[in-house]
Structures are given as C-alpha cells and as structure tokens.
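Observations on the three-dimensional arrangement
Given next are the chains, with one letter for each unit.
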Amino acid sequence: MKRVVLTQARIATMARGGPPYGLVADGAIAVEEGRIAWVGPRDALPGEWAAAERVSAGGRLATPALVDCHTHLVFGGERAREFEKRLQGASYEEIARAGGGIVSTVAATRAMGEEALAEAALPRLDALLAEGVTTVEVKSGYGLTVEDELKMLRAARRLEGLRRVRVRTSYLAAHAVPPEYRGRADAYIDEVVLPGMEAAHAAGLADAVDGFCEGIAFSPDQIARVFEKARALGLPVKLHAEQLSNLGGAALAARHGALSADHLEYLDEEGIAAMAGAGTVAVLLPGAFYTLREEKVPPVAGLRAAGVPMAVATDCNPGSSPLASLLLAMNMACTLFRLTPEEALAGATREAARALGLQAELGTIEVGKRAEIALWDVEHPAELSYRIGFNPLHGLFPGEPA
C-alpha cells in the first residue's frame, strides 16, 4: 500500500467555504494509493503517517492540477489565412458564410487517418501538459460524417495511450452543417448526427454530447432534438451557446440538465437564472473572444451574483482560438472578463472539473479525491493569472495522473 506525504507546501486547496484559495500556509498532504487521505497544517499531521515516505515541496505552492474543460484539440490543417482576413476586417460570421470557418477544417480532417490526427494533436496537448494540466476535454465536430466523427473520437481516446493524461470526449457532430448538406440541416441531424451518436455511444467513444446553437449552425429546436437523443442514451450534454447572438441556448441547455453552457457573450438574465437553477457551469472562453476581437463580454457580474459556477478553458481550435495555454486563458479571463485571480484558478480547477462531471474526483485538494497536485514556483496563487507568457510549474505530485 503506497503511502506518501507532501510536506512544506503552501496549499491552495480551492475548496469552497474556507479562506481565499482555501490556503494552508504551511501544510501537508497525505496520499494513499493515489487518493488524498489527509490535508491540513503540517504540524497537525496525524501520527499514523510518521513512517510514510516524505516529499518536500520546498515551500512551493501546491494547487489541484489544472483541467482544460473545452478544447477542439483533434483536427487537421490550419486557418492562418482566415486570421489574415479577420485582420483585414472580415467577421467570423462572414468568413463562415463564405465557406470558411468550421467547414474549412473539415476537408483536412477527413483526409487524415486516426493515427495522424492523434499525432498532430500531440504538440498542442504537450503545451497544456507542460502547464500542469492533467485532464483535457476533446470534442469531435470537424468530421461531420458518421465515420469521420468516430475517427476523431478514436484519435482523442488514443491520446491517453500516447501521454499521461485523462481525456474526456464530447460528441460534437452538431457543430456545423457540412457542404453536402447545405440548406438541409434537419436531414443532416437525421442522417448523421443522431445515428453517429448512437454509434459513438455503442463504441464507448463519447463521454458527453455537445452542439453549436447559433445562426450559422443549429437552431434551438434542432439542438433540442440532439439533446433528447443524448438523454435517451444516458449521455450528459453541454452546449456552445450565446457566442454571437442570443438564441436562448443556455436556457435550453439548462432545461436538459447540461453540464455546461460555453462562450455566453450574449447570455441574458433568463439564461443566467436557468443555469443557476440547473447547476449548469458557465465555461468562459476568452481565447475566442480575443482572437475574434469581440466587444461584448460575458455577463460575469450577473453569473457571479446568481452563484453560477464559472470555468475557464482554452477552446483550443484552429480558427477562433488557436490557444494552447490554460495559464494565458486564466490571465485573459481576468484582464478581459474581470474575473478575480481566485475565480480564474477555481475556473481551471474546481469548476472545470464540475463542467466535465468530475467534481467528485478532481478539482480540489480534499480527502477522497485523486492526488493530482501541481507544484508552482510562485509566492502567491494570484501569480498564476498575473504573469503573461511565463510558466512557473515545478512539477506534479505524486508525479503522474492517478
């Protein structure tokens, strides 16, 4: 029975209800078989741990390992030329309606095999892992055929065998209408999205189902059909909602008990109330806001006042958020959306785990949870959001995801 104690640590437990950051100034964490068995002040460590192996944190800050709860990490090709067009004044919606955007990644993704897609994702994944991320959500949504969506999900699952990381997958065939179904979105849902979901579920490839509720994607009624099928299969749902306009997607997601609603720049009070009532997490994606040079920020004050949990993620994707740094996303969430540094760190740990349905296992340093702890060369937790382009990660304790 492996027992080890981390000592001489400044611990930001990120547990609710205590001091800011759940901070323990001079703490210890006892771990048994990969689970946290005790956490508290070092001088209060129970005597039963006297013979356990000791590891000194050297006074470093210990936090829960980071969780990136919204990525499109698996894809083919790039969209740098769209970046140029946006700099010249074209909007994201204009580019999408002209055949760019999401569908422009589809051809490259369809042309690549499962192994090649996984290999192409590794540099992006490695960048996240280097910042203390141990859990990553990965969406499909660039295949837009049954087989190509399954291929993307298999590539995402493959990442767990290539790196020490926990991957949660989201089936996102309702991401865009492919060219061959242009003008026939309902037929696409009937012939690709719903049967593909059944196939993904049967193969154990989908941990959740996602969709894009927007004028350039799918209507609330169409998303409702997708969610009804997901619920019939026992799959949790989440939704890209209120990014470019307010179609009531967040409230729709909440009515279906969604784990999260993501983006939310155009979220209204009704949507906030629905999310609060359902316990749906608001996933904030400042990388997309920054890249698209948007001006309308998510209603953070309203979400905060209503007690809606707020997560922060990279939205790593080839078009609207080519961002592979969760630390930078935390900084952006503070500078662009006015989260506090404590909220940003909670958003990349406790609330990110909640957005994936993993709050019982991850996201805080508490007894019973998995021991996935990041050690940082910083004086105060706020430094993790304060610095720009700097990675102060010292390492992980016990060293690998449990």
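Scoring rules and cut-offs
Within each chain, residue numbers correspond to sequence positions counted from 1 in written order. pLDDT decides what is reported in this predicted model: residues at 70 or higher carry local features, side-chain atom pairs at 80 or more are listed and counted, and totals for whole chains, interfaces and linings draw on all residues regardless. Processing note: side-chain calculations cover all non-hydrogen atoms of the structure and skip hydrogens and water entirely. UniProt positions are given in the numbering used here, feature names are shortened, and annotations may be inferred rather than shown by experiment. Secondary structure follows DSSP: runs of H or I at least 4 residues long count as helices, runs of E at least 2 residues long count as strands, and numbering of each begins at the N terminus. In this setup the radius of gyration rests on C-alpha atoms only. A globule is expected at 2.2 Å times the number of residues raised to 0.38. Residue exposure (1.4 Å probe, protein chains only): buried if accessible area is under 20% of the type maximum, exposed if over 50%, otherwise partly exposed. Here the accessible surface of atoms and residues is derived via Shrake-Rupley with a 1.4 Å probe, and residues count as covered only by protein chains that are part of the display. This count recognises Lys and Arg as positive and Asp and Glu as negative, with His and chain-terminal groups excluded. Where a charge lies is defined by one atom per residue type: Lys uses NZ, Arg uses CZ, Asp uses CG and Glu uses CD. The criterion is simple. A nonpolar core is a set of buried Ala, Val, Leu, Ile, Met, Phe, Trp, Tyr and Cys residues joined through side-chain atoms within 4.5 Å. What makes two residues a contact is simply this: any of their non-hydrogen atoms within 4.5 Å. Two strands pair under a simple rule: DSSP has to find at least two bridges between them. Fitting a line to C-alpha atoms yields each axis, with helices limited to the stretch in contact; the angle taken between N-to-C directions then spans 0 to 180 degrees. For this document, the term salt bridge refers to a Lys or Arg side-chain nitrogen within 4 Å of an Asp or Glu carboxyl oxygen. Stacked, edge-to-face and tilted labels apply to pairs of Phe, Tyr and Trp rings (six-membered ring for Trp) whose centres lie within 6.5 Å, assigned for plane angles under 30 degrees, over 60, and everything in between, in that order. Working rule: Lys NZ or Arg CZ, within 6 Å of ring centre, within 35 degrees of ring normal, means a charge sits over the ring.

The name that an unreviewed UniProt entry assigns to the protein is Imidazolonepropionase, with the source organism given as Chelativorans intermedius. For the record of the protein, the UniProt heading Pathway (unreviewed entry) holds the text "Amino-acid degradation; L-histidine degradation into L-glutamate; N-formimidoyl-L-glutamate from L-histidine: step 3/3."

This paragraph deals with the overall build of the protein. The number of helices and strands found in the protein is 15 helices and 15 strands. Against the 2.2 N^0.38 benchmark of 21 Å for 402 residues, the protein shows a C-alpha radius of gyration of 21 Å, consistent with a compact globule. Each of the three principal axes of the protein carries a C-alpha extent, and together these read 70 × 40 × 40 Å. Among the 402 residues that make up the protein, the fraction classed as buried is 57%. Total accessible area on the protein is roughly 15000 Å²; 51% of this is exposed by carbon and sulfur atoms. Side chains of the protein carry 40 positive and 51 negative charges; the gap between the two charge centres is 2 Å.

This part is about the nonpolar core. Counting 101 residues, the largest nonpolar core has Val-74, Leu-159, Tyr-171, Val-193 and Phe-218 as the members making the most contacts within it. Discounting chain neighbours no more than four positions away, the residues touching Val-193 are Tyr-171, Ala-173, Ala-174, Tyr-188 and Val-226. Listed in part, the 15 residues of the second largest apolar core include Ala-9, Ile-11, Ile-36 and Ile-373.

Once that is clear, we can look at the UniProt feature "binding site: N-formimidoyl-L-glutamate" (unreviewed entry) in the protein. The sites that UniProt annotates as "binding site: N-formimidoyl-L-glutamate" (unreviewed entry) are Tyr-142, Asn-317 and Gly-319. For the residues just named, distributed over 178 residues, the greatest C-alpha separation is only 11.6 Å, placing them together at one site. One can find Tyr-142 in the loop between strand 7 (133–139) and helix 5 (146–162). When you line up the elements, Gly-319 lands in the loop between strand 13 (310–312) and helix 12 (326–337). The exposure class of Gly-319 is buried, given its relative accessible area of 4%. Contacts of Gly-319, omitting those with residues within four sequence positions, involve Arg-79, Arg-86 and Thr-291.

Attention shifts here to the UniProt feature "domain: Amidohydrolase-related" (unreviewed entry) in the protein. Under the UniProt annotation, "domain: Amidohydrolase-related" (unreviewed entry) lies at residues 62–381. For residues 62–381, the helix share is 45%, the strand share is 15%, and the end-to-end C-alpha distance is 9 Å.

A word on the sheet that holds strand 6 (residues 66–68). Reading across from one edge, 6-7-8-9-10-11-12-13 is the order of the eight strands in this open sheet, with parallel pairing throughout. Every interior strand has two partners, whereas the edge strands, strand 6 and strand 13, have only one. Each strand axis lies, on average, 25° off the axis of its neighbour in the sheet, ignoring direction.

Moving on to the pattern of salt bridges. Inspection of the entire model under this criterion finds 28 salt bridges. Connected via shared salt-bridge partners are Arg-16, Arg-350, Glu-351 and Arg-354.

This part covers the packing of aromatic side chains. Across all of its chains, the model carries four aromatic pairs by this definition. Relative to Phe-337, the ring of Phe-289 lies with its centre 5.1 Å away and its plane at 75°, an arrangement referred to as edge-to-face. Of the two residues, Phe-289 sits in helix 10 (residues 286–291) while Phe-337 sits in helix 12, which places them 48 residues apart along the sequence. Assigned by exposure class, Phe-289 and Phe-337 land together as buried. Connected via pairs of aromatic rings, a cluster forms that spans Tyr-181, Tyr-188 and Phe-218. Directly above the ring of Tyr-266 sits Lys-296, whose terminal nitrogen or CZ lies 5.5 Å from the centroid.

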